[in-house]
Amino acid sequence: MYKSLIRPILFKFDPEEVHHFTFSALKNFGFLAKLFLPKPIEDKRLEREVFGLKFKNPVGLAAGFDKDAKLFNELSDLGFGFIEIGTLTPKPQAGNDKKRLFRLKEDSAIINRMGFNNGGVDEAIERLKKNKNVLIGGNIGKNKVTPNEEAVNDYKICFEKLFPYVDYFVVNVSSPNTPNLRELQDKKPLTELLSTLQNLNLKKQKQKPILLKIAPDLTDEQLLDIIDIIKETQIAGVIATNTTLSRENLISENKTETGGLSGKPLTKRSTEVIRFLSEKSGKAFPIIGVGGIHTAQDAIEKLDAGASLVQLYTGFIYEGPELINEINREILNRG
Ligand SMILES: Cc1cc2nc3c(=O)[nH]c(=O)nc-3n(C[C@H](O)[C@H](O)[C@H](O)COP(=O)(O)O)c2cc1C
């Protein structure tokens, strides 16, 4: 129903406006979605225990859709096994100028240069207090005005404030839309950042898993560095991958827009990164696989490549909420 009826209407409008529209529709009329959509599949065999947390199923919503933690209860009702909020920064910030979100319809893709638009960590916390038992990942970043030399402090602030309200953390150093952010993926600054957060974590009575979200554009050498850093800092795992700067084989008019590319053109590369990390590390840590999952088969390939869980963003926009059930059904079929 989504692809034949709803999507053709939504895709006639500006993507960011559609985002806000569907958001308030789900917020106010989410109960209708429950009437019209197939019921989420619930099955014990879909449950997963990863980095000490229990997931009701392995299909989550990726960061960036519910940046401000406004809709996690309703999104969970659609069937997602977990919701990642953020990227949140210590202070609110407007993000880049509009227009900053582009559909590449012929490529089943999106280019975005949102630039961490968010209401800041304090506002999100007020909403997280209304959590009806949804498993939440807190994806954290730095404000645009914070220079890289002081970035650790921004991550520390977000970590400390969010700690009581999220189940796991994601350190985002891989967005292409905050100037120089990706430089924090280099060995020295990344080791410093992750060990600082892990030290804060170790001081808590009960630790929470910290994951690192990486770009798909890292070289093999950089990926090997990442494996070393995860082992050295003892953080819980990796999310692979964020959006790409690559523009290979695109045909849509919007292909020249600046920003991060997501969706179908990313499927193969993000799976490659998952496989590389899993094989070269000897499965030393769990991986959440994300990037271009538009079919159940795409998700299965990521799980086969070494991912323990998967996340959707662009596939959710293009294929609709039915995709969650399709993936879970296929996982059950495969036994
Ligand atoms: C509009 C948009 C905004 C995003 N914002 C964030 C963000 O704030 N933080 C983050 O870690 N990833 C963000 N992402 C990246 C997604 O979480 C995901 O890693 C990426 O899009 C690849 O998955 P996909 O092909 O299923 O979309 C964003 C993606 C899109 C399309």
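As the structure is a prediction and not an experimental result, all values here were calculated from the model.

Conventions adopted
Residues numbered from 1 in each chain as written. Predicted model: local features only at pLDDT ≥ 70, side-chain atom pairs only at ≥ 80, totals over all residues. Heavy atoms only, no water. Helix = DSSP H or I, 4+ residues; strand = E, 2+ residues; numbered from the N terminus. Buried < 20%, exposed > 50% of the residue type's maximum accessible area, 1.4 Å probe, protein only. Contact = heavy atoms within 4.5 Å. Pairing = 2+ DSSP bridges. Axes fitted to C-alpha atoms, helices over the stretch in contact; angles between N-to-C directions. Patch = residues over 30% accessible without salt bridge, like charges linked within 9 Å, V, L, I, M, F, W, Y side chains within 5 Å. Areas by Shrake-Rupley, 256 points an atom, 1.4 Å probe, with all protein chains shown as cover. Salt bridge = Lys/Arg side-chain N within 4 Å of Asp/Glu carboxyl O. UniProt positions renumbered as here; feature names shortened; annotations may be inferred. Near = heavy atom within 4 Å. Polar contact = N/O pair within 3.5 Å; in protein donor to acceptor, adjacent residues only side chain to side chain. Nonpolar A, V, L, I, M, F, W, Y, C, P; charged D, E, K, R; others polar.

## A look at the environment of proline 209
- Checked against the element boundaries, proline 209 lands in the loop between α6 (187-202) and β9 (210-214).
- Under the relative-accessibility criterion, proline 209 is labelled buried at 11%.
- Considering only alpha carbons, one finds proline 209 and alanine 284, 75 residues apart in sequence, at a separation of 15 Å.
- Excluding its chain neighbours within four sequence positions, the residues that come into contact with proline 209 are Phe51, Leu53, Asp167, Tyr168, Phe169 and Ala236.

## Here we look at the sheet that holds strand β5 (residues 101-104)
- The sheet built from three strands is open, its strands ordered β5-β6-β11 with antiparallel pairing. Edge strands, defined here as strands with exactly one partner in the open sheet, are β5 and β11 (260-263). The mean angle between the axes of side-by-side strands here comes to 25 degrees, regardless of whether they run parallel or antiparallel.
- Where strand β6 (residues 109-112) meets β11, four bridges bridge the pair, whose relative direction is antiparallel. Bridge pairing links isoleucine 110 to serine 262 in β11.

## As for a nonpolar patch on the surface
- A cluster of nonpolar side chains, contributed by Met1, Leu5, Ile6, Phe29, Phe31, Leu32, Leu35 and Phe36, occupies part of the molecular surface with about 850 Å² of accessible area.
- Among the elements of the structure, α1 (2-10) and α2 (15-36) are those that each provide at least two residues to the nonpolar patch.
- Ranked by the residues each element gives to the nonpolar patch, the list is headed by α2, at five residues.
- Along the chain, phenylalanine 29 turns up in helix α2.

## Concerning the UniProt feature "binding site: substrate" (unreviewed entry) in the protein
- The UniProt entry lists Lys67, Asn112, Arg113, Met114, Gly115, Phe116, Asn172, Asn177, Asn242 and Thr243 under the feature "binding site: substrate" (unreviewed entry), expressed in the numbering used here.
- Relative to the helices and strands, arginine 113 is located in the loop between β6 and α4 (121-128).
- Aside from chain neighbours lying at most four places away, what touches arginine 113 is Asn96, Lys99, Arg100, Phe102, Asn177, Glu257, Thr258 and Gly259.
- Following the sequence through the fold, methionine 114 ends up in the loop between β6 and α4.
- On the basis of relative accessible area, methionine 114 is assigned to the buried category, the value being 10%.
- The residues contacting methionine 114, other than those within four sequence positions of it, are Glu16, Lys67, Gly95, Asn96, Arg100, Leu101 and Asn177.

## Points about the sheet that holds strand β7 (residues 136-140)
- Taken in spatial order, the eight strands close into a barrel running β3-β4-β7-β8-β9-β10-β12-β13, and their pairing is parallel. Across the sheet, the mean angle from the axis of one strand to that of its neighbour is 25 degrees, orientation sign disregarded.
- Sheet topology places strand β4 (residues 82-88) next to β7; four bridges connect them, and they run parallel. Across the sheet, residue isoleucine 83 finds its bridge partner in β7, namely isoleucine 136.
- In the packing of α6 onto the sheet, the strands contacted are β8 (168-172) and β9, and the crossing angle to β9 comes to about 155 degrees.
- Helix α9 (residues 296-305) rests against β12 (287-290) and β13 (309-312) of the sheet, and its axis sits at about 145 degrees to β13.

## Details of the site of the ligand
- Neighbouring the ligand are 23 residues; Ala63, Thr87, Gly263, Gly292 and Thr314 lie closest to it.
- Between the ligand and the protein, one listed contact pairs an oxygen atom with a backbone N or O atom of glycine 263 at 2.8 Å.
- For the ligand, an oxygen atom lies 2.5 Å from a polar atom in the side chain of threonine 314.
- When the ligand sits alone it has 610 Å² of accessible area, and the protein chains cover 98% of it.
- Put simply, the parts of the chain that give the shell around the ligand at least two residues each are β4, β6 and β11.
- A per-class count over the shell around the ligand returns seven nonpolar, 14 polar and two charged.

## Remarks on the pairing of β6
- By the alternation rule, side chains of β6 split into Ala109 and Ile111 and Ile110 and Asn112, which are all buried.
- In this structure, β5 lies alongside β6, joined through four bridges in antiparallel fashion. By the bridge assignment, arginine 103 is partnered in β6 with isoleucine 110.
- The turn linking β5 back onto β6 is made up of four residues, and serine 108 within it adopts a positive phi angle of 50 degrees.

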